[in-house]
Each structure stands twice: as structure tokens, then as C-alpha cells.
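The residues making up each chain are set out below.
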Amino acid sequence: MNATELSQFLHIPDGISAAKALERTTHLAIGAHQDDLEIFAYHGIATCYDSAGQWFGGITVTDGGGSARTGPYAHYSDEQMKAVRFEEQNRAADIGRYSFQAQLGFPSSEVKSASPSHAVVNVLAQFLRSCRPHTLYLHNPADKHPSHLAVLTHCVSALRSLEPAFRPERIYGCEVWRGLDWLRDEDKIALSTDAHPELARQLLDVFASQIVGGKSYTTATLGRRQANATFYQSHQVDGAASLTYAMDLHPLLDEPELTLHDLALRHLHALRADMDAAYASLPCCNC
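An account of the accompanying structure is given in this report. All values derive from a computational prediction rather than experimental measurement.

Cut-offs applied
- Starting from 1, residues in each chain are numbered consecutively following that chain's sequence as written.
- Totals for whole chains, interfaces and linings use all residues, but because this is a predicted model, local features are given only for residues with pLDDT of at least 70 and pairs of side-chain atoms are given and counted only at 80 or more.
- Computation of side-chain values: all heavy atoms of the structure, hydrogens and water removed.
- As a rule, the C-alpha atoms of each element are fitted with a line to give its axis, helices using only the stretch in contact, and angles between N-to-C directions run from 0 to 180 degrees.
- Secondary structure elements follow DSSP: runs of H or I no shorter than four residues count as helices, runs of E no shorter than two count as strands, and numbering proceeds from the N terminus.
- Geometric relationships in this document are graded by angle, where less than 35 degrees denotes roughly parallel, more than 145 denotes roughly antiparallel, 65 to 115 denotes roughly perpendicular, and other angles denote oblique.
- Less than a right angle of anticlockwise turn of the near helix away from the far helix marks a crossing as left-handed, whereas a clockwise turn marks it as right-handed.
- Should any heavy atoms of two residues lie within 4.5 Å, those residues are counted as being in contact.
- For our purposes a nonpolar core is just a set of buried Ala, Val, Leu, Ile, Met, Phe, Trp, Tyr and Cys residues, chained together by side-chain atoms within 4.5 Å.
- Using a 1.4 Å probe on the protein chains alone, a residue whose accessible area is under 20% of its type maximum counts as buried, one over 50% counts as exposed, and one in between counts as partly exposed.
- For this text, the term disulfide refers to a pair of cysteine sulfurs within 2.5 Å.

A short note on the packing of helix α7 (residues 118-131) against helix α8 (residues 146-160)
Then step 1. Close contact between α7 and α8 brings their axes to 8 Å; oriented N to C, the two are set at 55 degrees. Viewed along their axes, α7 and α8 adopt a mutual orientation that is oblique. The handedness of the crossing between α7 and α8 is right-handed. From α7, Val120, Val121, Leu124, Ala125 and Leu128 reach across to α8, where they touch His154, Cys155, Ser157, Ala158 and Leu159.

So this is what it looks like as C-alpha cells:
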């Protein structure tokens, strides 16, 4: 599948050719749903927003048809919701000046199937080959949303299928449906999201279909970032006003037998060891 074939999935805000839009991409994010990228990959969006040499590309894997709907969207069919969410995601790409936005349109049921979808893996692998980003933002293996974990599984399969030269230098597993503040500080990757605060809000507000039903994603996402910054270091003044946390996913490529479950448990075991050491130095409350 070449750039021409990939172009069927693409929205390119500045109208450049598909081949050039893919080739210039330095920061790439792959998410399950419309609005996931704006929640977990804002660091990449903001980094590239005013840059002459860096470009953010986004890939949304599922079609958005199964989303909850209330208020003005209560009686929308799945097909109508797909169209609404499709337009919202492309509008976010316009506002954020993305190099491209790809919407693959796979049903969540296919992505979450017990057997991996070769179609999903193959198209993701081709996007990665065509873009060759140095920084990649993905969901993290401790996320609690089944679709997020399923998309991450397909992303890891796609990455493992690539020759080493095509693999990104940095691969971040980012927070959406479960924060990563529980990671040990030495295991956290703290990504500044200070830049362009009005842009951060605009990108989230675009997804009205997800907000009007009573889910205040804009407030929650911006609040989490502010909380991360304040609670990051207990004995230092804040170095940033807004942070997202990420987990290093490169071990999944360095250790081909490592599963997502194994990586999540590795961090949980590290947290337990950290807690054991902290309590070992304290007096016993039963003494």
C-alpha cells in the first residue's frame, strides 16, 4: 500500500500531496477514537504547531459508531454519529495544523476481536513506514478501555513487523482512561503541555458530540494536566503548569516476547517494591 492508496484515509489541512504530508511527519499519534489524540498526544500537537520543520500526524483507528449519545444526538443512528465524529476529528486537525489526519474507519468489534486483524496491522505498518516518525504517541498498557488496549495491541504488532530502521526513536504510552501518576517518578515520562493553552482548549471543545452528554472532557483533561504538574515533585516548586505522563513502550520492541500485560505488571511490581522500601523505614503502627 503506497501513499496514493493511503490517501483514501487522509484529510490534509494545507492541501499538500499525500506523499509529502506523510513524509514530513515527525510526530505521529495513533488512537482508538475521535478525540483520543487531542487528549493524550497534545505534547506532539503543541510541539509542531508553530514549527517550520516538525509536523504532527494523527491516525484514528475506529469509526466512532458505537459512542454514547444524549441531548441533540440522542436519536442519531450509528451512521449519523460516524459522520459527526469524522467531521469533528478533521476540524481538530485543521485547528491544530496537523500534517494529516487519517481515519481508518474500522468497527470497534473488529479491532477488539480475539484474533488480531491483519487488515488493521497492515495499514498501521504502512503508515509507519511512510511517515517514519521519530516520536510516536500511543495508548498505554494500563489503560482500562478495551478498545484502547486492542488498538495498542495492533500498534505493537505493526511496530514489531517493521525493520529496525523504520522504528521510531521514542514510543510513548499515554494516559486517557486511567492516569499514570501511579508510576514511580523514575518510570514516568513527563511531557510538558504548557504551550498554547487556548489551542489545547479549542482542540477538546471541537468534540461537542462527546461533551454535551454530560462528559466534561475539556475540564477533566486540562485539570488532569494541571494536577500532574503540581503533584509531580513533592519537594520542588512546579517546573511546568501542565503535564501529561507517559510510559516508555520501547521495551516492547527491545524484548520481542514481552506482552502488554507483562509490561504493565513490571511497573506495578516496581511500584510495590518502592512502597515496601518506604514503609520499611517507618515505625510499625501495631507496635
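Here the narrative resumes.
Focus: the nonpolar core
Then step 1. Counting residues in each nonpolar core, the largest one holds 52 residues, and the members touching the most others are Ile30, Phe100, Leu104 and Phe127.
Then step 2. Ranked by the residues each element gives to this core, the list is headed by α7, at 8 residues.
Then step 3. Not counting chain neighbours up to four residues away, the residues in contact with Ile30 comprise Leu37, Phe40, Ile59, Val61, Leu124, Leu136, Tyr137, Leu138, His139, Val151 and Cys155.
Then step 4. Formed by 27 residues, the second largest nonpolar core is a distinct cluster that contains Ala41, Ile45, Tyr49 and Val176.

Side note on the state of the cysteines
Then step 1. Enumeration over the complete set of coordinates arrives at 0 disulfides.
Then step 2. The closest cysteine sulfur to the non-disulfide-bonded Cys48 is located on Cys131, 12 Å from its own sulfur.
Then step 3. Taking the relative accessible area as the measure of exposure, Cys48 reaches 5% and is therefore buried.
Then step 4. Just so you know, Cys174 is unpaired, no disulfide at all, and the nearest cysteine sulfur is the one on Cys155, 11 Å from it.

Nothing here speaks to function; it is geometry throughout.
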